[in-house]
Amino acid sequence: MSARAIRERLLPRLQSEDDYLGILDADDQILQILVEPERERYWVEIPLDAAKASYGRHMSLAELNDLLAALPRLFEQDQIPGLRYRPW
């Protein structure tokens, strides 16, 4: 699925806190997107299951659209500005 299709078809489906979207990169690393509708923002993270943690940050819809428009081939914490380590 193209980045444009993700932005146009899938992001609008994120309506409640229980909704999330997972995108796999070329190495099967996940970029996970969760919506926080009451705050009109998204939590974007790269989960690290083995460490029981993730690198993530909150983004506005505009920031998320910019990220998806220029989605990196591989999801690594240094590819997305502002990500912070967060244990679960």
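Residues numbered from 1 in each chain as written. Predicted model: local features only at pLDDT ≥ 70, side-chain atom pairs only at ≥ 80, totals over all residues. Heavy atoms only, no water.

K.L.:
Looking at this structure, how should I read the packing of aromatic side chains?
P.N.:
Geometrically, a pair of aromatic rings is defined through the distance of the ring centres and the angle of the planes. Overall, the coordinates contain 1 aromatic pair when judged by the stated rule. Ring geometry for Tyr55 versus Tyr85: centroids 5.4 Å apart, planes at 65 degrees, classification edge-to-face. One end of the pair, Tyr55, is in strand β4 (residues 53-59); the other, Tyr85, is in strand β5 (residues 84-87), and 30 residues separate them in sequence. The exposure class of Tyr85 is partly exposed, given its relative accessible area of 44%. (Phe/Tyr/Trp six-rings, centres within 6.5 Å; stacked < 30°, edge-to-face > 60°. Helix = DSSP H or I, 4+ residues; strand = E, 2+ residues; numbered from the N terminus. Buried < 20%, exposed > 50% of the residue type's maximum accessible area, 1.4 Å probe, protein only.)

K.L.:
Would you explain the nonpolar core in this entry?
P.N.:
Within soluble globular proteins, side chains that are nonpolar tend to cluster in buried spots. In this structure, Ile33 and Leu64 are the most contacted members of the largest nonpolar core, which totals 18 residues. For this core, the elements supplying multiple residues, two or more each, are β1 (20-24), β2 (30-36), β3 (41-48) and α2 (61-69). In contact with Ile33, other than residues within four places in its own chain, are Leu11, Leu14, Asp19, Tyr20, Leu21, Ile23, Tyr42, Trp43, Val44, Leu64 and Leu68. (Core = buried A, V, L, I, M, F, W, Y, C linked by side-chain atoms within 4.5 Å. Contact = heavy atoms within 4.5 Å.)

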